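Each chain, letter by letter, is given below.
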Amino acid sequence: MNSVTCSDGCVQLSSTISKKRLLSGSGGYYNPAGGHVEYDPLTTHVYIKGALPISVGTMQKVVVLRNDKVTYVPASKLVPGDMVGFPIHKGANLPEWDKDDIVKKNLDNPTLWWIAGRYVADGWTLKDRRTCIAVAPTKTEDIERMTSLGGTHVADMHSCKVVAYRYKDFHEFFKRMFGTGARSKYISEDVLCLPKELLRAFVEGYLRGDGYYHPVHKDYDVKTVSKSLALDLVRAIAKAYDRPAYVYETANSPKCTIKGKTCKRSLYTYRVTFSPEKRQREIPFIKDGIMWYRVERVVTPTEFLKGPRVEFLSFGATFVCNNVIMMG
C-alpha cells in the first residue's frame with residue numbers, strides 16, 4: 001500500500017494516470033499511452049454493496065483488497081466478499097484562479113465554499129448570467145451568510161427566497177467548478193483537492209440545501225438526478241469527514257405530473273447516505289486512503305467460461321469506472 005499515490009483525483013498504483021471516465025459494457029476506451037484499446041467484448045456485471053454496479057470486459061482488471069493485500073484481478077475472477085477500491089483525493093491545494101476578483105480574494109474562506117455547496121444543491125443561472133440560489137422558508141437564516149460575499153436578496157419565488165449574484169462575481173467560477181443544470185452538475189477535481197476544512201464547508205453547504213438528517217438513525221440522506229454528482233459526493237464526504245458513504249440508483253417513470261402538467265423526468269435518481277459517527281458494523285470502510293466496498297454478486301457470460309481466454313496488453317494506467325479503480 002505504500003506505493004499508492006493520488007493524481008487528478010484517481011488512485012495511482014503504477015506509472016501514468018488518466019482522468020476518470022465511465023465504461024459500461026463491451027467496446028473500448030482511450031488510453032493516453034496506447035491510443036484506443038479494445039477490451040474483451042464479453043461483459044462481466046459486478047454488484048457491490050452500497051455502491052453502483054459496474055459492467056466491464058471480463059478480462060478488465062480491477063483493484064482488489066484480499067487478505068490485506070492490494071492486487072489486480074480480472075473482473076470475471078472477482079468473488080463475493082472481495083473488496084474493491086474507491087479513490088479518495090489526497091491533495092490539499094486551492095484551485096488556480098487568474099482573475100483578481102471576489103473569488104480570488106476568498107479562495108481560503110470557508111463561506112465561499114459553503115455558498116458553492118448551496119449553489120450545487122439549489123442554484124441555477126439566469127439569461128443575464130446572474131447566479132441564483134433558492135433558500136427554503138425554514139432556512140432563511142442562511143440569507144445573511146449568503147449575502148456576506150456580494151449576494152442580494154432579490155425576490156421570492158413560490159415558497160422560497162432567492163439570493164442572486166452578479167455575473168462578474170460567481171457565474172464563471174460556479175460553471176467551471178460544478179457545471180450547470182440539475183442532471184449535469186458535478187464536483188470538479190479542483191474542489192476535491194481542497195484542504196479538508198474547506199471541502200467540509202462545501203459539503204455542509206450542499207447538505208444544508210439538499211441533505212436530510214435523520215435524528216433517529218443519526219445519518220444524512222441526499223437525492224440527486226446527477227450520477228456524476230452522486231459519485232463525486234461520495235469521494236468528497238470520504239475526505240472531508242473520514243467517513244464512508246453509500247450510493248444507490250433508483251429507476252423512475254419517464255414522466256410525472258407537476259401542477260397538472262405532464263413533464264419529462266430523469267430516468268434515474270441517485271441516493272447518497274452517510275453517518276458522521278462510526279457504526280459498530282460498517283461496510284464500506286476506509287483504509288490507507290482508499291474506500292473499500294464489498295462485492296456481493298458477479299455475473300459472467302457462460303460462453304466466455306467455455307471459450308478461450310483473451311489477455312490484453314496493459315499500459316500501466318489506472319482509471320475509474322463508477323469510482324471503482326481499474327487498470328488499463
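Residues numbered from 1 in each chain as written. Predicted model: local features only at pLDDT ≥ 70, side-chain atom pairs only at ≥ 80, totals over all residues. Heavy atoms only, no water.

(A) Region of interest: the pairing of strand 7 (residues 61-66). Bridge analysis of strand 7 against strand 8 (residues 69-74) gives 6 bridges, and the strand direction is antiparallel. Its bridge partner being in strand 8, Val-62 is matched across the sheet by Val-73. Where strand 7 folds back on strand 8, the antiparallel hairpin that results is connected by 2 residues, among which Asn-67 adopts a positive phi of roughly 50 degrees. Taken together, the 2 bridges between strand 7 and strand 9 (residues 83-87) define a ladder with antiparallel strand orientation. Bridge assignment links Leu-65 to a residue of strand 9, and that residue is Met-83. (Pairing = 2+ DSSP bridges. Helix = DSSP H or I, 4+ residues; strand = E, 2+ residues; numbered from the N terminus.)

(B) Seen up close, helix 6 (residues 196-210). When the terminal C-alpha atoms of helix 6 are compared, their 21 Å separation across 15 residues agrees well with the 21 Å that a helix rising 1.5 Å per residue should span. Within the sequence span of helix 6, burial applies to Leu-198, Leu-199, Ala-201, Phe-202, Val-203, Gly-205, Tyr-206, Leu-207 and Gly-209. (Expected span 1.5 Å × (residues − 1). Buried < 20%, exposed > 50% of the residue type's maximum accessible area, 1.4 Å probe, protein only.)

(C) Inspection of helix 4 (residues 167-178) at higher detail. When the terminal C-alpha atoms of helix 4 are compared, their 16 Å separation across 12 residues agrees well with the 16 Å that a helix rising 1.5 Å per residue should span. Residues of helix 4 that are buried: Asp-169, Phe-170, His-171, Phe-173, Phe-174, Met-177 and Phe-178. Note on helix 4: the residue one or two positions beyond its end, Gly-179, has a positive phi of about 75 degrees.

(D) Seen up close, the pattern of salt bridges. Overall, the coordinates contain 13 salt bridges when judged by the stated rule. Asp-142 serves as the salt-bridge partner of Arg-118, at 3.4 Å between the closest nitrogen and oxygen. Pair noted here: Arg-118 is in helix 2 (residues 110-122) and Asp-142 is in helix 3 (residues 142-147), with a separation of 24 residues, a long-range link. Accessibility expressed as a relative area gives 1% for Arg-118, which makes it buried. The exposure class assigned to Asp-142 is buried, which follows from its relative accessible area of 5%. For the salt bridge of Glu-189 with Arg-235, the shortest nitrogen-to-oxygen distance reads 3.4 Å. On the criterion of sequence distance, the pair formed by Glu-189 in helix 5 (residues 189-192) and Arg-235 in helix 7 (residues 227-241) is long-range, its members being 46 residues apart. Take Arg-235: its relative accessible area is 2%, and that puts it in the buried class. Three or more residues are tied together by salt bridges with common partners; here these are Arg-118, Asp-122, Glu-141, Asp-142 and Arg-208. (Salt bridge = Lys/Arg side-chain N within 4 Å of Asp/Glu carboxyl O.)

(E) Molecular detail of the side chain of Thr-131. Looking at where Thr-131 falls in the secondary structure, it is placed in strand 11 (residues 131-135). For Thr-131, a relative accessible area of 0% translates into the label buried. Among all residues touching Thr-131, those that are not within four sequence positions of it are Tyr-119, Trp-124, Thr-125, Val-163, Ala-164, Tyr-165, Phe-170, His-171 and Phe-174. (Contact = heavy atoms within 4.5 Å.)

(F) Spatial organisation of the sheet that holds strand 13 (residues 160-165). If you walk across this open sheet you meet the 4 strands as 10-11-13-12, and the pairing is antiparallel. Either end of the sheet is taken by a strand with one partner, and the two such strands are strand 10 (123-125) and strand 12 (152-157). Neighbour-to-neighbour, the strand axes of the sheet open up by a mean angle of 30 degrees, direction not taken into account. Bridge count for strand 11 against strand 13 is 5 bridges, and the pairing is antiparallel. Bridging from a neighbouring strand, Ala-134 pairs with Val-162 of strand 13. Strand contacts of helix 2: strand 10, strand 11 and strand 13, with the helix running at about 80 degrees to strand 11, the strand carrying the most contacts. (Axes fitted to C-alpha atoms, helices over the stretch in contact; angles between N-to-C directions.)

(G) Seen up close, unusual backbone geometry. Of note in the backbone geometry, Asn-67 takes a positive phi value of approximately 50 degrees without being a glycine. Phi at Asp-242 takes a positive value of approximately 55 degrees, unusual for a residue other than glycine. Tracing the chain through its elements places Asp-242 in the loop between helix 7 and strand 16 (246-251). Owing to a relative accessible area of 49%, Asp-242 belongs among the partly exposed residues under this scheme.

(H) Main features of the packing of aromatic side chains. Under the criterion given, the structure shown has 14 aromatic pairs. For the pair Tyr-241 and Phe-274, a centre-to-centre distance of 5.3 Å together with 50 degrees between the ring planes defines the contact as tilted. Taken together, the residues span a long stretch of sequence, with Tyr-241 in helix 7 and Phe-274 in strand 19 (residues 268-274) at a distance of 33 residues. A residue is classified by how much of its surface remains accessible, and Tyr-241, at 15% relative accessible area, is buried. Ring pairs connect the aromatic residues Trp-97, Trp-113, Tyr-119, Tyr-165, Phe-170, Phe-173, Phe-174, Phe-178 and Phe-202, which therefore count as one cluster. (Phe/Tyr/Trp six-rings, centres within 6.5 Å; stacked < 30°, edge-to-face > 60°.)

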